[in-house]
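Chain by chain, the residues:
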Amino acid sequence: MEKGLVSIITPMYNGERFVGQTIESVLSQNYQKWEMIIVDDGSTDKGAEIVNKYILKDSRIQLVKQKNGGSASARNNGIRLAKGQYIALLDADDTWNPDFLEKQLKLMGDKNALLVYSSHTRIDENSHEILKPFIVPEKVTYSDLLKTCSISCLTGLYNTEQYGKIYLREDMKSLRDDYVYWLEIIKKVKVAYGNKEVLANYRILGSSASRKKKKVIMPHFKVLYNIEKLGLLPSLYYLTNWAIISYFKYRT
C-alpha cells in the first residue's frame, strides 16, 4: 500500500462515448497523487483504443482487459491491482469536478473518517443537468444505508489503512453490487461522512438501473433478506423505505 495514493477503479463496457470525459476529469484533479485502473469488461467497441491514447500521455493510467464478467468482477479485478491507500470507484461515464479528491480527502482528515461521499449533479448523455442535484446527508450509519443508499458509486472514497481492501460480490450480476460493497464497509467503519458540496456528475442513461426500479426490487430485497439476513419483516420494512425514497429521489 502506498500512503496517500488514491486508486481509482473504473469498469468499462463499451464505454467509447464517455470514457474520455471520465479520464479528463481525473487528469484535471487538484490532488494529483492517483492511479487510474480501467478494466475493460469484454467491450466490443473502441473504448480501449481511446484509453490507450491517454496511457501514452500519462503513465498513471493503466488498462486491464478481461472477459465479460459484469461490473463487480471488473471492479474486483481493479481493486486486486490497486496500490493505493484509498479506493475510489468511478464508472466510465461519470465525472468528477477538479476539487473532488482534494475536498474528499480533507473531509476524511477533518472527520477522522475511513469512508466519505459527496453530493453530485445528475446529467444526461449530452452532459446536460437533469433533475436537481442529489444532496447527501452529513453522515450515515448502517441503519441509514438500509433505508436508502446515500453513497453514490462515483463519490465514495474508502481508506483501506485499518481494514484493508474490501471486494464486491460477483454473484450480484451487476445489480446492487456497489450497494452491498458500501454496506460491507460501513459495518466495519460504523459511520460515513458526506460532503454537501456538489463535487461530481452522475450520468443517467436510458439503461441506468437506477431509473428502472422494478428491475432491482427483487435484487434489493435479496440483499436485505439473503445477504444481510435481516429477517422477513425487517427486510420488507427497509425495502418499503427504499422504494418510497427512491420514488421521490428520481422525480425531483
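Look up: the structure comes first, before these words.
Here the structure is a predicted model, which means the values were calculated and not measured. (Residues numbered from 1 in each chain as written. Predicted model: local features only at pLDDT ≥ 70, side-chain atom pairs only at ≥ 80, totals over all residues. Heavy atoms only, no water.)

Grouped together as the largest cluster of nonpolar side chains are 43 residues, with contacts concentrated most on Leu 115, Leu 145, Ile 151, Tyr 181, Trp 182 and Ile 185. Elements with a contribution of two residues or more to this core: β2 (34–41), α3 (71–81), β4 (84–89), β6 (115–123), α5 (142–147), α6 (177–189), α7 (213–227) and α8 (232–249). It is α6 that contributes the most residues to this core, eight residues altogether. Residue contacts for Leu 115: discarding those within four places in its chain leaves Met 108, Ile 151, Leu 157, Tyr 158, Trp 182, Ile 185, Val 189, Val 191, Ala 192 and Tyr 193. Core analysis: the next-biggest nonpolar cluster, separate from the first, contains 31 residues, Met 108, Ala 113, Val 116 and Leu 157 among them. (Core = buried A, V, L, I, M, F, W, Y, C linked by side-chain atoms within 4.5 Å. Buried < 20%, exposed > 50% of the residue type's maximum accessible area, 1.4 Å probe, protein only. Helix = DSSP H or I, 4+ residues; strand = E, 2+ residues; numbered from the N terminus. Contact = heavy atoms within 4.5 Å.)

There is a patch of nonpolar side chains on the surface, built from Tyr 225, Leu 232, Leu 233 and Leu 236 and spanning about 410 Å² of accessible area. No other element matches the three residues that α8 contributes to the nonpolar patch. Turning to its location among the elements, Tyr 225 is positioned in helix α7. (Patch = residues over 30% accessible without salt bridge, like charges linked within 9 Å, V, L, I, M, F, W, Y side chains within 5 Å. Areas by Shrake-Rupley, 256 points an atom, 1.4 Å probe, with all protein chains shown as cover. Salt bridge = Lys/Arg side-chain N within 4 Å of Asp/Glu carboxyl O.)

Turning our attention to the pattern of salt bridges. If you walk through the whole model with that rule in mind, you get eleven salt bridges. In this structure, Glu 184 engages Lys 187 in a salt bridge whose closest nitrogen and oxygen atoms are separated by 3.1 Å. Of the two residues, Glu 184 and Lys 187 both sit in helix α6, three residues apart, roughly one turn of that helix. By relative accessible area, which is 28% here, Glu 184 ends up partly exposed. With a relative accessible area of 32%, Lys 187 lands in the partly exposed category. The network of salt bridges with common partners includes Arg 75, Asp 91 and Asp 177.

The terminal C-alpha atoms of α8, which comprises 18 residues, lie 25 Å apart, in line with the 26 Å expected from a rise of 1.5 Å per residue. Within the span of α8, buried status applies to Ser 235, Tyr 238, Leu 239, Asn 241, Trp 242, Ser 246 and Lys 249. End-on, the buried residues of α8 take up no more than an arc of 160 degrees, which puts them together on one face. (Expected span 1.5 Å × (residues − 1). Arc of directions from axis to C-beta.)

With that settled, the discussion passes to the packing of helix α1 (residues 19–27) against helix α2 (residues 47–57). Packing of α1 against α2 leaves a shortest axis separation of 10 Å and a crossing angle of 25 degrees. On the basis of their axis angle, the class for α1 and α2 is roughly parallel. Both α1 and α2 take part in a crossing whose hand is right-handed. Each of Val 19, Gly 20, Ile 23, Glu 24 and Leu 27 in α1 lies in contact with α2, whose residues at this interface are Gly 47, Ile 50, Val 51 and Tyr 54. (Axes fitted to C-alpha atoms, helices over the stretch in contact; angles between N-to-C directions. Parallel < 35°, antiparallel > 145°, perpendicular 65-115°, else oblique. Left-handed = near helix turned anticlockwise from the far one by under 90°.)

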